[in-house]
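Residue-level structure breakdown
Residues per chain are reported as follows:
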Amino acid sequence: MNLLQIILKNIKNRPVRSVGLISLASMLSLAVLFGTIIVFALDRGFTSLESRLGADIMVVPYEAATKSSLENIVLQGNAGYFYMNGDVVDQIEALPGVGKITAQYYLASVSASCCSIPVQIIGYDPETDFVITPWITHSNGTAPGYMDVVVGNDLNAFVGDKMTFYGQEVRVAAKLDKTGTAYDTAVFTTHDTIKTLIEASLSKKLNEYSNINAGNVVSCVLIKTADGYNVDEVLHFVNKATKKTKAVRTREMISGIANSLSGISKITFILIILAWMITLLIMVAAFVVMTNERKKEFAIIRIAGASEKKLTRMILLEGLFMGLCGGIIGAAAGLIIVLPFNGFMAQILGLPFLLPNAARVLLVIAGAIILTAAAGAFASGFAAYRISKYDIGTIIRSEV
């Protein structure tokens, strides 16, 4: 009988102990994989959000700047809207230090054929835009024409489909790549189209801003500073020159999200380390108890001719095997939890959440399994070291 057969027989002959140790190992693997993927998903979601910004400064109506929902609407695409006079774009464009400038227009639908909740509609000017157009191009999408829209990745709408907003029918021209933010459930269109939709919302008396002129309003102005100017200088120029508006640094707006992400990441890593240490201690204790119970068995194996090195290798490989089995089971359980329910987790966390790519997921799986197998090997190795210190004769006499 070879060493592997002996190990498998030992595991089979002690099912309760073996199942308990494998379960401990699987919980460790689950904690490592689950926690690591969450941290990576939050980091990737935040990176995706940063790439969506593309501007140094945002200018919004002053009333909107005081609302706690501003960041969610502007940065993450949650449903909401506000307006200011469109003349502000020309005023800002004439200021020193303004490099690129473009306007965006917001409107939240009452309902849509694609979903049961309000959808954020974001309009942009294709001639001046430097934020949304690169995203559409990167997604291999077609730029929308009049009464065309580009939909977020999570919407149940596809190229060629028809959607209706405020009684106006639009055609889906492209579908965007996933971002891990609420932009995945948003709709994008040109400024001409969204002005038509705003007019439709006004005519149906479904717009909170009943006295606006749909042809001369904007929701947000995005600014890229010119070379030779810093952001604070331009920010000062804008706030001094425009009335009833508020210019803010985009970096300041995402600082709260960055702090939340940093806090969650630190807590998650601390919990992973604690879980690993606690599980390792329990596994070491379990293997020590197990070897104490099997002292006579090990002594007989030594008397039968097995060397101390072979006995140590047998105990070590037994722990490694159970750690490996537990690692695979835990990693599989983690994937079953993470992959189907990542959208639910994103809602709970309330932060940009984008699962890592397949290569990184495989790397995390491998890491969780290796770490768990190493914990099993360490625990059994510690127990093997203890048993090697026992005197065979003393063990046999004490057990007679």
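Whatever comes next refers back to the structure up there.
Here strand β6 (residues 162–165) shows one buried face, formed by Met163 and Phe165, and one open face, formed by Lys162 and Thr164. As judged from the 4 bridges shared by β6 and strand β7 (residues 168–175), these two strands associate in the antiparallel manner. By the bridge assignment for β7, Thr164 is matched with Glu169. Connecting β6 to the antiparallel partner β7 that follows it, the hairpin turn spans 2 residues, and Tyr166 within it adopts a positive phi of roughly 50°.

Quick look at the pairing of strand β8 (residues 187–190) now. Where burial is concerned, the two faces of β8 agree: the one with Val187 and Thr189 and the one with Phe188 and Thr190 are both buried. Looking at chain direction, strand β4 (residues 120–124) and β8 are connected through 4 bridges and run parallel. Across the sheet, residue Ile122 finds its bridge partner in β8, namely Phe188.

Here the focus is unusual backbone geometry. Residues other than glycine seldom take positive phi values, yet Tyr166 does so here, at roughly 50°. Along the chain, Tyr166 falls in the loop between β6 and β7. Residue classification places Tyr166 among the buried residues on the basis of a relative accessible area of 9%. The backbone phi angle of Lys244 is positive, close to 60°, even though this residue is not glycine. Following the sequence through the fold, Lys244 ends up in the loop between α8 (231–241) and β11 (245–249).

What follows is about the sheet that holds β6. Taken together, 9 strands build an open sheet; the order of strands is β6-β7-β5-β8-β4-β3-β10-β1-β11 and the sheet is mixed. One side of each edge strand has no neighbouring strand; the edge strands of this open sheet are β6 and β11. Ignoring strand direction, the axes of neighbouring strands in this sheet form an average angle of 35°. The sheet contact formed by strand β3 (residues 98–108) and β4 spans 5 bridges and is antiparallel.

Here is what the cut-offs are and how they apply
Residues numbered from 1 in each chain as written. Predicted model: local features only at pLDDT ≥ 70, side-chain atom pairs only at ≥ 80, totals over all residues. Heavy atoms only, no water. Buried < 20%, exposed > 50% of the residue type's maximum accessible area, 1.4 Å probe, protein only. Helix = DSSP H or I, 4+ residues; strand = E, 2+ residues; numbered from the N terminus. Pairing = 2+ DSSP bridges. Axes fitted to C-alpha atoms, helices over the stretch in contact; angles between N-to-C directions.

These values are about where atoms sit, not about what they do.
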